[in-house]
Amino acid sequence: MPKVLGLTGNEAVAYATKQSDVDVVAAYPITPQTIMVELFSEYVANGEVHAEYVCVESEHSAMSACVGASLTGARVMTATSSQGLALMHEMLYIASGLRCPIVMGVANRALSAPINIHGDHSDMMASRDCGWIQIYAENAQEAYDWVIQAFRIAEDPDILLPVAVNLDGFILSHCVEGVTVLEDETVKGFLPHRKARYTLDPGKPLTMGALVLPDYYYEFKVQQEDAIRRAAERIRETNRDYEEVAGRRYGILDLFGMEDAEAAVVCLGSTAGTARDVARALRGEGRRVGVIKPWVYRPFPAREIVEAAGSLKALAVLDRACSFGAPYGPLCSDVASALKQHRRDLPVLNYVYGLGGRDIRPSEIRSVFDETLRAAETGVVEEPLRFLGVRE
Amino acid sequence: MVKLKDLPEEELLASGHRLCAGCGASIALRMALKVARGPTVVTNATGCLEVSTAIYPYTSWRLPWVHVAFENAAAVASGIEAAYKAMARRGAWGQKVDIIAVAGDGGTFDIGIQALSGAMERGSDFLYICYDNEAYMNTGIQRSGATPHGAATTTSPAGTRIPGKPEWKKDLIGICAAHGIPYAATASPAYWNDYMTKVQKGLAAEGPAVIHILSPCPTGWRCDSAESIRLARLAVQTRYWPLYEVEAGTYRLNMRVPKPQPVEEFLKPQGRFRHLFTPEFKHELEAIQRSVDENWGRIQRLCGETT
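Quick summary incoming for the structure in this document. (Residues numbered from 1 in each chain as written. Chains lettered and ligands numbered in written order. Predicted model: local features only at pLDDT ≥ 70, side-chain atom pairs only at ≥ 80, totals over all residues.)

## Quick notes on the overall build of chain A
Rules: Helix and strand definitions follow DSSP, with helices as H or I runs of at least four residues and strands as E runs of at least two, each counted in order from the N terminus. Only C-alpha atoms enter the radius of gyration, while the globule expectation follows 2.2 Å times N to the 0.38, with N the number of residues. Exposure in this text rests on C-beta crowding, where 20 or more other C-beta atoms within 10 Å of a residue's own make it buried, 12 or fewer make it exposed, and counts in between make it partly exposed. The C-beta atoms are placed from the backbone.
Helices and strands together make up the secondary structure of chain A, namely 12 helices and 16 strands. For 392 residues, the compact-globule estimate of 2.2 N^0.38 gives 21 Å, and chain A sits close to it at 21 Å. Each principal axis of the C-alpha atoms in chain A carries an extent, and together these give about 70 × 55 × 45 Å. Classification of the 392 residues of chain A by burial places 56% in the buried group.

Structure below.
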């Protein structure tokens, strides 16, 4: 009998981290992530795990301690949100540049100012170029499943990159759902202890974090780029192995109705559930619509999205973040680049939505589908970037 | 006490690095590593020492060494410590490793003070060595919270209206001691035995230990590179740099200076103080002397010295 627990997204991340048998968690509290690390510190306090919990004085130090622990050879996890991720920004690049396979839960939240504790993707999107593998979960189950897979992807000796598992602040971080969890032994079998090749070992002294000048720096960075590109295949392999033990199928993209859709919506995280619900209703009315949910945002699934868009006549992209002054929101910029790169000419409509935790309603997504179907018919996009659900 | 004949010939910080001639930091680290008691790892903040000793594909470090960023050497040390502990708990690590974090005054007094405070508060077991050359020397001699009053730097220049840095130096050991850590001490590379004994104590202490060592910088102090050790000695003999330690809350003066030389003797050979030796800024020299006297009195009282 599968074990189903009532867990919030945060609890699901903490539980998965516990089962992943991590060595070190270094974290700093911030709403709405706090419960992830509160719960983990409880496991430590009750002797349920062998891990060290490092109570740092800031997110900057959290990621610094994670880097130190990871280079020592430990399995390392942290979690943050919003301002915390912004404060870590410098260290995010160092973690990926030093090839530290850290896993981080990010309860996505709006960025100040004005201060706002609710969900949007401004935090992670501001760090999208930091060299981390970036996953977006749609619900607590996905958050749980991805955390366990994330350690395996990150620690693959051929990859060695940090992974951020994103879950929408409050919508996922604080909502209780039934989460089917694996047995501890099953996770142990899927995810053996980390065996790091290069560590801070006095028996084999290494210099890490050297100064690298123009004669070598470029090569380091291109190797890093090669690694994150290679990661896509490793993610697929990990998904296949995970399906064998968990019975749940993951991939780079989660597709709905894309076998014959003429109009589709691309969106990340929890919104995909609402979009799918609306799409299902529309398909019931005979309209050929679909939903593309990238589970993996970095490495960006350009080819996969273009392939999924095979039958499309128009495409809408929902962005829960604003890239101020840019032609599109961040997700749409990537989608539009992917289409262009693969010489696929489609009308693209971009909608920014849900900033600072503003709800997105099925009726709004329905209007997006309506407009996208219209664009599919006419081939005309009147306003390439619109703000959905904003009060005017 | 350290016996010279007991010191190993092995150099864990190899020669051939690119620090300036007369740099105090290399001397401080070389001496510290001579008394390393066993497996040791060094984490180094961004700064002169870091950029000059590990220029890819070369390294001067014959032990595990890691540089992460400028402001976080202490936080990195906490992470390394946690990793060894947790891995030992699951049988993946067997030996005790000493962790030495090294940072300059910028990486300690200013940008790194929060990470250092955090690591001291959580009781991380490591030795933190701050090599204090009294300015941001790596970026070209800008003033830091450790730059002494009156010193000319590129961001506290000796102007016609403002004669060098107007502010006074932070009390680093006071800040560290206030955290209730087991060991904190000042040191000077001119007093090698005092310093190396302190490194031994710092490594032996269970919990955070901080050593604040004066690190003469011929480039930034604008003095002859052959003068470094003489200046490091004069700093002590003028009472500018009192040698003392705080062990489990108890202050101890390590070097009585019964017949101090005037602080001018320490300042005069350094170009960074040249502008003070004019009739116009004579009062500044007097103020520095007063400050040295007051600080000495304060340290004496803390150490329970009567004279």
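Further notes follow.
## Some thoughts on the pairing of strand E12 (residues 289–294) of chain A
Residue and element names in this part refer to chain A. The cut-off we apply is this: A pair of strands counts as paired when DSSP detects no fewer than two bridges linking them.
For E12, the tally of buried residues reaches six of six residues, placing the bulk of the element in the interior. The alternating pattern of E12 places Val289, Val291 and Lys293 on one face and Gly290, Ile292 and Pro294 on the opposite face, and all of these are buried. Relative to E12, strand E11 (residues 263–266) is paired through four bridges, and the arrangement is parallel. Looking at the pairing, Val265 lines up with Val291 of E12.

## Points about the environment of A:Phe170
Residue and element names in this part refer to chain A. Note the threshold: The contact rule is simple: place each C-beta atom from the backbone, and if two of them lie within 7 Å, those residues are in contact.
Mapped onto the elements, Phe170 comes out in the loop between strand E7 (163–168) and strand E8 (177–181). Sequence separation between Phe170 and Asp156 is 14 residues; the distance between their C-alpha atoms is 32 Å. Not counting the four nearest positions on each side in its chain, Phe170 is found in contact with Pro32, His118, Gly119 and Gly357.

## Some words on the interface of chain A and chain B
Put simply, the rule reads: Amino acid classes used here: Ala, Val, Leu, Ile, Met, Phe, Trp, Tyr, Cys and Pro are nonpolar; Asp, Glu, Lys and Arg are charged; the rest, including Gly, are polar.
Taken together, the contact pairs 40 residues of chain A with 41 residues of chain B. Among the elements of the structure, strand E2 (24–27), strand E3 (52–55), helix H3 (59–72), helix H4 (82–97) and strand E9 (207–208) of chain A are those that each provide at least two residues to the side of chain A that touches chain B. At 10 residues, H3(A) tops the list of elements feeding residues into the side of chain A that touches chain B. In terms of residue class, the side of chain A that touches chain B is made up of 24 nonpolar, 11 polar and five charged. Taken together, the two bridges between E9(A) and strand E2 (residues 65–67) of chain B define a ladder with parallel strand orientation. Looking across to E2(B), one finds that A:Met208 is bridged to B:Val66.

## Side note on the sheet that holds strand E4 (residues 127–132) of chain B
To keep things clear, this is the line we draw: In this analysis, axes come from line fits to C-alpha atoms, helices being fitted only over the stretch in contact, and the angle between any two N-to-C directions falls in the range 0 to 180 degrees.
Taking strand neighbours across the sheet as the criterion, the nine strands line up as E9(A)-E2(B)-E1(B)-E3(B)-E4(B)-E6(B)-E5(B)-E7(B)-E8(B) in an open arrangement whose pairing is mixed. Two strands close off the open sheet at either side, each with one partner strand: E9 of chain A together with strand E8 (250–253) of chain B. Here helix H3 (residues 73–89) of chain B sits on the sheet and contacts strand E1 (40–44), E2, strand E3 (98–104) and E4 of chain B; the angle it forms with E3(B), its principal contact strand, is near 170°. Docked against the sheet, helix H7 (residues 192–204) of chain B engages E3, E4, strand E5 (183–187), strand E6 (209–214) and strand E7 (244–247) of chain B, running at close to 165° with respect to E5(B).

## What to know about the packing of H3(A) against H3(B)
How two helices pack is summed up by the angle between their axes together with the distance between the axes. Where we set the bar: Oblique is the label for every angle not falling under 35 degrees (roughly parallel), over 145 degrees (roughly antiparallel), or within 65 to 115 degrees (roughly perpendicular). In this scheme the crossing of two helices becomes right-handed for a clockwise turn of the near helix relative to the far one and left-handed for an anticlockwise turn of less than a right angle.
At a minimum axis separation of 7 Å, H3(A) and H3(B) run at an interaxial angle of 45°. As summarised for this structure, H3(A) and H3(B) are arranged oblique, according to the angle between their axes. Our pair here, H3(A) against H3(B), has a crossing hand that is right-handed. Contacts from A:Ser61, A:Ser64, A:Ala65, A:Cys66, A:Val67, A:Gly68, A:Ala69 and A:Thr72 of H3(A) reach H3(B) at B:Ala75, B:Val76, B:Ala77, B:Ser78, B:Gly79, B:Ile80, B:Ala82, B:Ala83 and B:Tyr84. Partitioning the contact of H3(A) with H3(B) into residue classes produces 11 nonpolar, six polar and no charged.

## Here's the deal with the pairing of E7(A)
Put simply, side chains in a regular strand alternate between the two faces of the sheet. All names here are of chain A. In plain terms, the rule: Orienting the strands away from the viewer, one traces the path from the first strand over the helix to the second; a clockwise path indicates a right-handed crossover.
Across the six residues that make up E7, a large majority, six, are buried. Strand direction decides the pairing type here: strand E5 (residues 103–108) and E7, joined by six bridges, are parallel. Bridging from a neighbouring strand, Ala107 pairs with Leu167 of E7. Pairing analysis gives four bridges linking strand E6 (residues 133–136) to E7, with the strands arranged parallel. Counterpart to Ile133 in the pairing with E7 is Val163. The parallel pair E6 and E7 is bridged by helix H6 (residues 140–155), and the resulting crossover is right-handed.

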